[in-house]
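Secondary and tertiary structure notes
The chain contents come next:
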Amino acid sequence: MRVLLSGTYSVQEDGFIVNVRLIDVDSQKVLAAATDYVPDNVLWSAEKMRTRGNYLYRSDRIGECDGRGGMVDGPING
């Protein structure tokens, strides 16, 4: 199955409203759709983001899956 994730966002005073749809490319049917509010305080700061080529990278791994079924809640050394 080939799927496309499509969406929009609108900037609010203290966050974003995000609208997304997951679309089956072959049948062009919407498989799932969601709208939600994302507050500014859960986003990474600009200091923790960088680009390399056409890719966006974070400089820390807080909030990322640790590969053992848990979440990283502080810096990872090594």
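All of the points below concern the structure found in this document. Keep in mind that what you see is a predicted model, and the values were worked out from it rather than measured.

**Points about the overall build of the chain**
Helix and strand counts for the chain stand at zero helices and five strands. The order of α-helices and β-strands along the chain, N terminus first, is β-β-β-β-β. Residues counted as buried form 6% of the 78 residues belonging to the chain. In the chain, of all internal contacts separated by at least 6 residues, the share reaching a separation of at least 24 is 11%. Of the roughly 6700 Å² of accessible surface on the chain, 52% is carried by carbon and sulfur atoms.

**Considering the packing of aromatic side chains**
In this structure the tally under the stated criterion is one aromatic pair. On the basis of an interplanar angle of 70° and a centroid distance of 5.7 Å, the ring pair of Y9 and F16 is categorised as edge-to-face.

**What to know about a nonpolar patch on the surface**
On the surface, M1, V3 and L31 cluster together into a nonpolar patch covering about 330 Å² of accessible area. Following the sequence through the fold, L31 ends up in strand β3 (residues 30-39). A relative accessible area of 42% places L31 in the partly exposed class.

About the criteria used
- Per chain, residue numbering runs from 1 following the sequence as it is written.
- Reporting of local features is limited, given that this is a predicted model, to residues whose pLDDT is at least 70; pairs of side-chain atoms are given and counted only at 80 or more, and all residues count toward the totals for whole chains, interfaces and linings.
- Hydrogens and water molecules were not included; the side-chain quantities draw on all heavy atoms of the structure.
- By the criteria applied, helices consist of DSSP H or I runs no shorter than four residues and strands consist of E runs no shorter than two, each listed in order from the N terminus.
- Exposure classes here rest on a 1.4 Å probe applied to the protein chains alone. A residue is buried below 20% of its type maximum, exposed above 50%, and partly exposed in between.
- We call two residues contacting when some pair of their heavy atoms lies within 4.5 Å.
- Values of accessible area rely on a 1.4 Å probe in the Shrake-Rupley scheme; residue burial ignores everything except the protein chains shown.
- The criterion for an aromatic pair is that two Phe, Tyr or Trp rings (for Trp, the six-membered ring) have centres within 6.5 Å, with stacked assigned to planes under 30 degrees apart, edge-to-face to planes over 60 apart and tilted to the rest.
- Excluding any residue in a salt bridge, patches collect residues exceeding 30% relative accessible area, merging like charges within 9 Å and nonpolar Val, Leu, Ile, Met, Phe, Trp and Tyr side chains within 5 Å.
- Criterion for a salt bridge: a side-chain nitrogen of Lys or Arg within 4 Å of a carboxyl oxygen of Asp or Glu.

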